[in-house]
Amino acid sequence: MLLITCPYCGPRPEIEFAARGEAHVARCAPDATGDAIADFLYFRANTKGYLAECWRHVSGCGRFFNAVRHTVTDKFVTTYKVDDPRPDLAALVAEETAR
Amino acid sequence: MHFSFLSLLRAAFSAHQNWPEQWRSPEPKSSYDVIIVGGGGHGLAAAYYLASEHGIRNVAVVEKGWIGGGNTGRNTTIVRSNYLLEESEALYDHALKLWENLSQALNYNVMFSQRGVMMLAHTVHDVQSFKRHLHANRLAGIDAEWLTAEQARDFCPGLNISPNIRYPVVGATLQRRAGTARHDAVAWGYARAASALGVDIIQNCEVTGIRRGPDGAVEGVETSKGLIRAKKIGVSAAGNTSVIMDMAGIRMPLESNPLQALVSEPLKPIISCVVMSNTIHAYISQSDKGDLVIGAGTDQYVSYSQTGGLQITAHTLDAICELFPTLRRVRMMRNWGGIVDNTTDRSPILGKTPVPGLFVNCGWGTGGFKATPGAGHLLAATIAKGEPHPIAAPFSLDRFARGRLIDEAAAAAVAH
Amino acid sequence: MTASLRTPQGGRIDRSKPLRFTFDGVSYTGHQGDTLASALVANGVRLLGRSFKYHRPRGLVAAGTEEPNALVTVIRDAGRTTPNLPATAVELYDGLVAESQNRWPSLKWDIGALNGIGSPLFVSGFYYKTFMWPKSFWKKVYEPQIRAAAGFGKAPKAADPDRYANRFAHCDVLVVGAGPAGLAAALAAAEAGAKVILCDENAELGGSLLSDASATIEGRSGRDWSADVLMNLALKDNVTVLPRTTAFGYYQDNAVGLLERITDHMSDPASHLPRERLWQVRAKRVVICAGALERPLVFPENDRPGIMLADAARTYLNRFGALPGRRAVVFTATDSAYAAAIDLKAAGVHVAVIADLRPKASAAAEAARAAGIRVELSTVINATHGKLAVEKVQLARVSPSGAVAPTETIACDLVLHSAGFTPTVSLFSQSRGKLVFDEARGVFLPGAAHEDNASAGACNGTADLSACLNEGYAVGAAAARAVGRTTLGDKTFAAEGLAIEIGGHFGEVPHARDATRVKCFVDIQHDVTAKDIRLATREGFRSIEHVKRFTTTGMATDQGKSSNMNALAIAAGHMGLNVPQVGLTTFRRPYTPVSFGAFAGSNRGDLFDPLRKTATHDSAVALGAPFENVGLWKRAWWFPKANEDMHAAVARECKTVRETVGVFDASTLGKIEVVGPDAAEFLHRMYVNPFLKLGVGKCRYGILTRDDGFVYDDGVIGRIAPDRFHVTTTTGGAPRVLAMMEDYLQTEWPDLDVWLTSTTEQWAVVAVQGPKAREVIAPFIEGVDLSNAAFPHMSVVECTIMGVPGRLFRVSFTGELGFELNVPADYGRALWDAVHARVVEFGGCPYGTETMHVLRAEKGYIIVGQDTDGTLTPDDAGVGWAVGKTKGDFVGKAGMSRPDLTGPGRKQIVGLVASDPKVVLDEGAQITPMANPPKGTHALGHVTSAYHSSVLGKGIALAVIEGGRARMGETLYVPMPTGAIAVTVVDPVFYDKEGKRLDA
């Protein structure tokens, strides 16, 4: 069971959270057509490596937040608030490897 | 060497010293007509059908580890075709018909056991959903029956149909032609038959890139054993599909999630069929060795870790104990995970891609094992002809762009 | 009467407490502290099981949970029967009843032994090569026989009445294993003030110290030392000591699953005790002190009863005071077995010879000779003989050139063997740590950890007793420091004790037999021999995983604890590779098997899932209503009068509602309070309908789609104030809808000033529907003009209802004049009872969900999730009118505009009637253009809802049909097994098409 650090509540067990999928996905425009809609509806990053994703602390504060996690080791690198900018993955990875 | 009781008997006299390799393990040639990326059941089956039905023998199956080491070796072995939508019914029943003669076709006992798959209904909503499946199956000519709770208990003695549990069983559908097979044997059986027809099976060979020519068409795969050229490449890599397709610059509508399963210690026969429940998330059968084989749901996040959380295992076992209260003292012997590639509509993708010469077979999610012969057969036909086989046609990659989904979410849920 | 092989003194058993038990119907005596295995040893019982495939007679190999042969069924009663328990893991209690398994009619005379005759055929993987002809025989003959022969124990015949508990725990340091290293580690961490959990699978803690009578630590015996440490730990508040607790699984982020056995060792457990407890521990640091397990030597016929691991024999003697035999031959590749020989000799066992595989005499060999034990170097066991137990062995000498020549035959009833010790790295490996192969000693050791853990002691390759203690202490202290505690400083222990030999020999030993036919067992439970492994590699199974799956080595209940290294070495040797090149198979959870019941815990019966009841539930029960499950809720299904069945009750309820009045509990519908200056804007963006201009006091029927444009949920939304909306959802959809709203609000439109609160459980909703509805509710409503002009259909007002603040809606899901009275849930039952009484006075009745379904179907109102299945757009579902024509962006706008979702031929909701009014179509039935569709005909659609309408006197149905709305009046067919039913496509509104009754 993953231990996830909610930016608002601190580290809590996975069963308190719902995974929401890739973070920073821009919703398509209301008049979008073809590939633009399909991309938004059906295509998400499925990275084998560092993935920026969104979680919700359903059995806690109820807030959505984002995280960067490595999808092979399942280790979280960082969690951050939903309106924070997407972190620089390259810098994060360098930090992680250095540690 | 032909497998039979007689050959086994003869071999016994020479202490089994003369059995040949079941498949050759050559070094890769510099080029082939077709390369299949992924040495699981689907990929090996595709190679076999390319050789046996289309006369295309200059084929290599390239596998990064050992064949059948991915989901083929990790699934809960359920085979059925009682899906809801016409396209799915055609797809899975095509596979089921191939299963029915597979051991004989491959001369390898894959232990295909048509002992029946029973899907339990616990609520009014379940009954409505299953009856819709039943009617659709009948129209499609797929065997499907409705059982009352008592009939379900008679078909699978030990099933708890008490009205006093939280979600009592109110009925069930039964597909008698459905059942289980021995997963490893399927991979090995296809490998042996394909190898005998000239297919090269290259293990421990990881694909690291897809080389394309100036016109964008595929030229070959870059691997840990060097470049191997081919004008046609079929990718059949299950949970690792996104990684491979990314090498060709193709984005896939897939999400790779962990899926767990477990076996109990071996018991004398107690469960004679396959029992599945979507509502309380569990499915169970008993292998020919005596282990109870039990499946769970996926963990909820993207992961290639092939492991998962304790809460998933616990959630499945509490459901199993409600359905079969005499099993509460039975013990879990081994628990593992795989990586399943899920699409939004819970239907697979099988066909061409925007890259000329590149074909893909993926998105089988939690339900790929049952389709193994069918997926291989259709992938082979699609690669051989360069156009999708009619049964595969609806499962094209471009259905997402068009919004023509084949939404089996109702049928799939956690089922296999 | 003392058992014949019980030593007069010594051991950890309590000789003052004799216990009676039976095994296969025979009574024996043991003592408190015995396991079933040690008690059977003391009683001279050697035959304990039959092997899986060949049904060869088998006895004990080990003394611990790694025992592969002696699997028994322990029986308390029909429900409390536990199969497949290793006798070594069963603590003896007075009155214990155990039986052997997998034999018929008895252990001694087992018909399955005939399989031995077929053993030349039954090599690994033989079943893949045969059973294919004739084809029909697989199902009728072969498979049933294979299944009947397979399996070990039988599952119990009755349900398990025992209780299983579950507990979460957090700690600073979890120490797994309470042998010397683990005790030292726990001591170090505890002394630093860390919160420590120490667990060990045994009942008595001390690990290897329990079987070592001569060890000394800090000036006292090893056992006294460990007792002192445990007392010390027990007295500390910050330490939890868990005996009989196995760390079975390592999960992500330092979560470890522990299984605590609470009552299995008790004669008569108190009924309040759970049988087992599953602990889910989240530890900041884990210290793994799992020890090492002795490795068997692989020699010809190494499986007879009486042939066991040397350390196991030493344990039976020193820990349990039981002699495994009287005349022993010892076969060893390392020094470790010498201690067993010496201890047994001192206890009166005749040690005929120690056959040492090595050519040079070690110090231990010299010491043994000095003690009068014969030692033969470069000597192996070449054969063993005996029917139900070993009776003699043949030795052979290995010459420097490698040639093996038999020398002599020695009578014996006990053969001890040891290839050395394999560090137990399962838990470390489960934590996804990397294993490193130690070339010098030929063992896999913990390498780089993936989680926050460290290993110490024998599992880390440390053999010497004082080194184990020192290492354990250091690692425990480091763990405490890592979590911020201050340790007392370094500590070393002066200790003397047996040093086991880590590593040693692996693979088959040399022999003079026909290697292609002789049985040298590797995985003893699964009857996998060395030649089977060579067969696998011969047939091209080169990866160790393939070898394992083809031969099934390592897949038995002991999960390869005593066979993996040997299998690996034999496979590697046959392929000309070295061990690390071939690699080890993945260690899987659980370390030892864990009962399903422990995982299920208290999630059973009524506690399996939360049960949600409305405020009026008990009133409905009192009225005799049966209930249906809708998600987690119980909803009253129908209200029978006298002896009515569902059909009769529903027919009456429907007529009563339409002719008079009915009362219905609508409390389960989802309710969300949407509040804030941007509340209207938010709803305007979420739903397909326009909301900006919805007046205060007005309601709108909202349709919610997902961004793909398909209908996801629906519900009436009322505007209570400019900045406040009361949103309703379907019963099943409530949590999903709220989650979806929060998602868009927080991640897409965080700038909107609006907040959402679930009020599903806060409001009880009593619906009153029918021509008399207004008169019925009037006395309960204060201060509201209920006339049609003042309070038209689709209105809402805050008001006082039966004296409490509530909300009154004028809405109808029945098509009759209707109201929904919302009061705080605490008053719901009182309101229901009062309204119900008044309804009955007027000649009305209560009605349930079945009637609700019929009435709404008569009006063509859809039920999301029944008439829709996530593939219909609003237009398909006949509610395209709800979509705002001039709206900007809203959820689903782009999706539903896709050509595929607006093109021709889409499935559309229509009504269906059959020519025979008595026919009620099957929900889910397919609809085809012809009466006898050939197999594979494309269905035009299916029946989504079907009922008998008592009001209309005929069967009605809703269906989705391709291009349905253009097919009005067309005849189509519903194929049924009994013959196709002809149906006519009609308007889905069967009753009061103009809706006049709504405006009463």
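Residues numbered from 1 in each chain as written. Chains lettered and ligands numbered in written order. Predicted model: local features only at pLDDT ≥ 70, side-chain atom pairs only at ≥ 80, totals over all residues. Heavy atoms only, no water.

### Some thoughts on the overall build of chain A
Moving on, step 1. Within chain A one finds two helices and six strands.
Moving on, step 2. In chain A, the succession of α and β elements from N to C terminus is β-β-β-α-β-β-β-α.
Moving on, step 3. Based on the C-alpha atoms only, the size of chain A along its principal axes is roughly 45 × 35 × 25 Å.
Moving on, step 4. Split into buried and exposed, the 99 residues of chain A put 45% on the buried side.
Moving on, step 5. Here the analysis covers contacts within chain A between residues at least 6 apart in sequence; of these, 44% occur between residues at least 24 apart.
Moving on, step 6. A total of about 4,500 Å² of accessible surface is found on chain A, and carbon and sulfur atoms cover 52% of it.
Moving on, step 7. Computed over 12 positive and 13 negative side-chain charges, the separation of the two mean positions in chain A equals 5 Å. (Helix = DSSP H or I, 4+ residues; strand = E, 2+ residues; numbered from the N terminus. Buried < 20%, exposed > 50% of the residue type's maximum accessible area, 1.4 Å probe, protein only. Contact = heavy atoms within 4.5 Å. Areas by Shrake-Rupley, 256 points an atom, 1.4 Å probe, with all protein chains shown as cover. Lys, Arg positive; Asp, Glu negative; His and termini not counted. Charge placed at Lys NZ, Arg CZ, Asp CG, Glu CD.)

### Remarks on the domain arrangement of chain B
Accessible area lost when the parts come together is the quantity often used to give the size of an interface.
All names here are of chain B.
Moving on, step 1. Along its sequence, chain B is organised into domain 1 (25–108 + 182–254 + 345–415) and domain 2 (117–177 + 256–342).
Moving on, step 2. The centre of domain 1, based on its C-alpha atoms, is set 27 Å off from the matching centre of domain 2.
Moving on, step 3. Contacts between domain 1 and domain 2 engage 35 residues on the former and 35 residues on the latter.
Moving on, step 4. At the boundary of domain 1 and domain 2, one finds two salt bridges.
Moving on, step 5. Where domain 1 meets domain 2, there are twelve residue pairs in polar contact (both at pLDDT 80 or more).
Moving on, step 6. Here the side of domain 1 that touches domain 2 is composed, by residue class, of 17 nonpolar, eleven polar and seven charged. (Domains from an automatic or database assignment. Salt bridge = Lys/Arg side-chain N within 4 Å of Asp/Glu carboxyl O. Polar contact = N/O pair within 3.5 Å; in protein donor to acceptor, adjacent residues only side chain to side chain. Nonpolar A, V, L, I, M, F, W, Y, C, P; charged D, E, K, R; others polar.)

### Regarding the interface of chain A and chain C
Moving on, step 1. Chain A puts 26 residues into the contact, and the matching count from chain C is 28 residues.
Moving on, step 2. When the two sides are added together, the surface that chain A and chain C hide from each other amounts to roughly 2,200 Å², 49% of it contributed by carbon and sulfur.
Moving on, step 3. By the criterion of area lost to chain C, the three top residues of chain A are Met1, Arg27 and Pro30 of chain A, representing 32% of everything that side buries.
Moving on, step 4. Our count for the contact surface shared by chain A and chain C stands at five salt bridges.
Moving on, step 5. In this structure, the salt-bridge partner of Lys75 of chain A is Asp253 of chain C, at a minimum N-O distance of 3.3 Å.
Moving on, step 6. One can count 16 residue pairs in polar contact (both at pLDDT 80 or more) joining chain A with chain C.
Moving on, step 7. Secondary structure elements with two or more residues in the side of chain A that touches chain C: α1 (34–42) and β4 (50–56) of chain A.
Moving on, step 8. Considering every element that reaches the side of chain A that touches chain C, the biggest residue donor is α1 of chain A, with four residues.
Moving on, step 9. A breakdown of the residues in the side of chain A that touches chain C according to their chemical character gives 18 nonpolar, two polar and six charged. (Buried area = accessible area lost by both parts, 1.4 Å probe.)

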